[in-house]
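Coordinate inspection notes
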Amino acid sequence: MSKDKYDVIIVGAGVSGCAVAWKLARYNLDILILEKAPDVATGTTKANTAIIHAGYNADPEKQKGRLNKKGNVQIKDIVEDLSVPFEQIGSLVVGMEDDDLSVIDELLEKGKENGVEGLEIVDKEWLQKEEPHLSDKAVRALWAPTAGIITPWEFALALAENAVANGAEIMLETEVQDVYTEDGKVTGVKTNQGDFAADYVINAAGLYADDVARMVGIEKIDIHPRKGEYYIYDHAKDFEINHVLFPIPTKISKGIVCTKTVEDNLLIGPTSDFVDSKEDLATTREGLDHVFNGAKKMFPDLTLKDSIRVFAGLRAADTTEDFVIEAAEDVAGFVNVAGIQSPGLSSAPAVADLVAEILENEGLTLEEKEDIIETREEPARFYEISNEERAAYAEEDKEYGQIICRCETVSLKEIKDAINGPIPARTVNAVKRRTRAGAGRCQGGFCGPRVTQIIADELGIDTTEVRLEKDNSKIVEHKIKGLLGSQGDAE
Ligand SMILES: O=C(CO)COP(=O)(O)O
């Protein structure tokens, strides 16, 4: 049941919007999050390098520089409270024999100015010991022990779930079509699900933040999507990387990164190419070759043998190449959280703090709730526990004993819980993000039809209505007898 009026409406449930909701839900406020996709984290948040950066890359005078280090520090407590997979494995910016090694010293200085702790220049011997597969042309590196890896969509989901636990409302598949103003002040939004009144509107619409800003007449935000292509490897591989490894950065990119993920996959990428369309998520032969060649420079023995998927993400880059987090000058109650590209994931809690500060300056009263829920119950994660632990779960509920995704060992119960969770999974990819069903070597070749059927059964819809992700991404066109199990009658 929606309210007559909200204090704050947040447009967009990527990691920035979810972090703002998480922060604001700690106060006595009526909050509504509006997301046009069927799930949280389906834009830039779901397809990036999944890194919590230390904070030495951006200039101290940029918002990016100021917020990254702060977010990095905050995230360590948040992942504990909200049970988000995170590992502080540290990062290296690696200089090769032919590189301009002075860049490493510049990054060290910038890092110090940004207040990053533990930075150190390491030599070839250190590198060979820590990263045995690394090229012997690697001579010097900047070591940042505070960098880490995270599951980005689970981070966003956990923030949103905690916001909901603390009273925020979220509406998915709800697209903001206009922002209403009266006498130079925000009064609410028009959506495909009706109108909602609010005193404050936060524009965290990612790639579409310029379109939303334009709804109140702001022209200065200009989002140019910049594509990043990636390879991801199976966790069953014979090639281990221990840290996040960056090459010497270029002017607009940190370059081709090689890292492991929290789930122990290997991830290489991204490219950095401006594209025209905000929906262009196609990978290209050229881009993928660039990724692999870049990674090979770092790790000459790397092959594509265990790669299981390629994908692309789009950075929501503003032409200023900085975050644009500010109250609108001419429209009271409208706050932009735009231009959030890397290190947006790392900065998310600091972005949320800044937004709270801006709202307070704009006249919103922030009064802390007395009974804030700080934690999130840890979901069962069969992929990371022992067989003994799995057996104990199955004792408790036999649906834990029914394994649906064999590559990642995901049980029927975990999938049903995801579909019936606090922010319910409605699509095959939403189930994958919450459980890892389909994220393994076969990429859903075996479990995909079963997951589709489970979603249909739980939601009481036909399998032909189940979608992969958003829009009209239906999976099953027609049913033929028996295709998807018991309900697959010919039609
Ligand atoms: O690795 C990245 C972010 O985590 C990519 O960074 P860039 O956007 O600088 O290429």
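So, how was this worked out
- Residues numbered from 1 in each chain as written.
- Predicted model: local features only at pLDDT ≥ 70, side-chain atom pairs only at ≥ 80, totals over all residues.
- Heavy atoms only, no water.
- Pairing = 2+ DSSP bridges.
- Helix = DSSP H or I, 4+ residues; strand = E, 2+ residues; numbered from the N terminus.
- UniProt positions renumbered as here; feature names shortened; annotations may be inferred.
- pLDDT = per-residue confidence, 0-100.
- Contact = heavy atoms within 4.5 Å.
- Buried < 20%, exposed > 50% of the residue type's maximum accessible area, 1.4 Å probe, protein only.
- Polar contact = N/O pair within 3.5 Å; in protein donor to acceptor, adjacent residues only side chain to side chain.
- Axes fitted to C-alpha atoms, helices over the stretch in contact; angles between N-to-C directions.
- Parallel < 35°, antiparallel > 145°, perpendicular 65-115°, else oblique.
- Left-handed = near helix turned anticlockwise from the far one by under 90°.
- Nonpolar A, V, L, I, M, F, W, Y, C, P; charged D, E, K, R; others polar.
- Core = buried A, V, L, I, M, F, W, Y, C linked by side-chain atoms within 4.5 Å.
- Lys, Arg positive; Asp, Glu negative; His and termini not counted.
- Salt bridge = Lys/Arg side-chain N within 4 Å of Asp/Glu carboxyl O.
- Phe/Tyr/Trp six-rings, centres within 6.5 Å; stacked < 30°, edge-to-face > 60°.
- Lys NZ or Arg CZ within 6 Å of the ring centre and 35° of its normal.
- Near = heavy atom within 4 Å.
- Areas by Shrake-Rupley, 256 points an atom, 1.4 Å probe, with all protein chains shown as cover.

An unreviewed UniProt entry lists the protein chain under the name Glycerol-3-phosphate dehydrogenase.

With respect to topology, 3 strands assemble into an open sheet ordered β3-β8-β4, the strand pairing being antiparallel. A strand with exactly one partner marks an edge of an open sheet, and here the two such strands are β3 (51–52) and β4 (86–87). In the sheet, β3 pairs with strand β8 (residues 148–150) via 2 bridges, with the strands oriented antiparallel. Note on β8: the bridge partner recorded for Ile52 is Gly148.

Here we come to the UniProt feature "domain: BFD-like [2Fe-2S]-binding" (unreviewed entry) in the protein chain. As recorded in UniProt, the sites labelled "domain: BFD-like [2Fe-2S]-binding" (unreviewed entry) are residues 403–456. Between the end C-alpha atoms of residues 403–456 there is a gap of 18 Å, over a span that is 46% helix and 9% strand.

In this model, the protein chain carries an average pLDDT of 96, and 98% of its residues clear a pLDDT of 70 or more. Taken element by element, the protein chain is modelled with least confidence in helix α9 (residues 387–396), mean pLDDT 96, and with most confidence in helix α1 (residues 15–24), mean pLDDT 99. Contacts for the low-pLDDT stretch residues 486–491, under 50 throughout, to residues beyond four places or in other chains number 13 contacts. Taken together, the chains of this predicted complex give a pTM of 0.96 and an interface ipTM of 0.94.

Secondary-structure assignment places Thr464 in the segment after α12 (448–459). Here Thr464 falls in the buried class, since its relative accessible area comes to 18%. Polar side-chain contacts of Thr464 include one of 2.8 Å to the side chain of Asp462. Beyond its immediate stretch of four places on either side in the chain, Thr464 contacts Lys474, Val476, Glu477, His478 and Lys479.

Quick look at the packing of α1 against helix α8 (residues 344–361) now. At their nearest, the axes of α1 and α8 sit 8 Å apart, and the two run at 50 degrees to each other. With respect to their mutual orientation, α1 and α8 come out oblique. Along this stretch, α1 crosses α8, giving a crossing that reads as right-handed. Taking contact as the criterion, the partners of Val15, Ala19, Val20, Trp22, Lys23 and Leu24 in α1 are, on α8, Gly344, Leu345, Ala348, Pro349, Ala352, Asp353, Val355, Ala356 and Leu359. Class assignment for the residues of the contact of α1 with α8 results in 12 nonpolar, 1 polar and 2 charged.

For the rest of this paragraph, the subject is the nonpolar core. A general feature of soluble globular proteins is that nonpolar side chains tend to end up buried together. If you look at the biggest cluster of nonpolar residues, it comprises 55 residues, and the most contacted ones within it are Ile150, Phe155, Leu159, Ile202 and Ile325. Elements with a contribution of two residues or more to this core: β1 (5–11), α1, β2 (31–34), α2 (63–82), α5 (152–165), β12 (194–203), β20 (334–338) and α8. In terms of residue count, the dominant contributor to this core is α8 (10 residues). Beyond its immediate stretch of four places on either side in the chain, Ile150 contacts Ala50, Ile52, Ile75, Val79, Val84, Pro85, Phe86, Phe155, Val262 and Leu345.

This brings us to the side chain of Lys254. On the secondary structure map, Lys254 appears in the loop between β14 (244–246) and β15 (257–260). No salt bridge is formed by the buried Lys254; the nearest opposite charge belongs to Glu321, separated by 9.1 Å. Apart from the residues lying within four places of it in its own chain, the contact partners of Lys254 are His53, Asn57, Phe246, Pro247, Pro249 and Ser342.

Looking now at the packing of aromatic side chains. Applying the stated rule across the entire model yields 7 aromatic pairs. Measuring from ring centre to ring centre gives 6.5 Å for Tyr231 and Phe292, while their planes differ by 70 degrees; the resulting arrangement is edge-to-face. With Tyr231 in strand β13 (residues 223–233) and Phe292 in helix α7 (residues 285–298), this residue pair connects regions lying 61 residues apart in the sequence. You can call Tyr231 buried: its relative accessible area is 5%. Put simply, the rings of Phe382, Tyr393 and Tyr400 pair up and form one aromatic cluster. The positively charged end of Lys185 is found above the aromatic ring belonging to Tyr200, 5.4 Å away from the centroid.

We now examine the site of the ligand. If you check the shell around the ligand, you find Thr49, His53, Ser253, Lys254, Val257, Pro270, Arg315 and Ser342 and nothing else. Note that an oxygen atom of the ligand is positioned 3.0 Å from one of the side-chain N or O atoms of Thr49. Considering the ligand on its own, with 300 Å² of exposed area, one finds that the protein chains cover 92% of that surface. Partitioning the shell around the ligand into residue classes produces 2 nonpolar, 4 polar and 2 charged.

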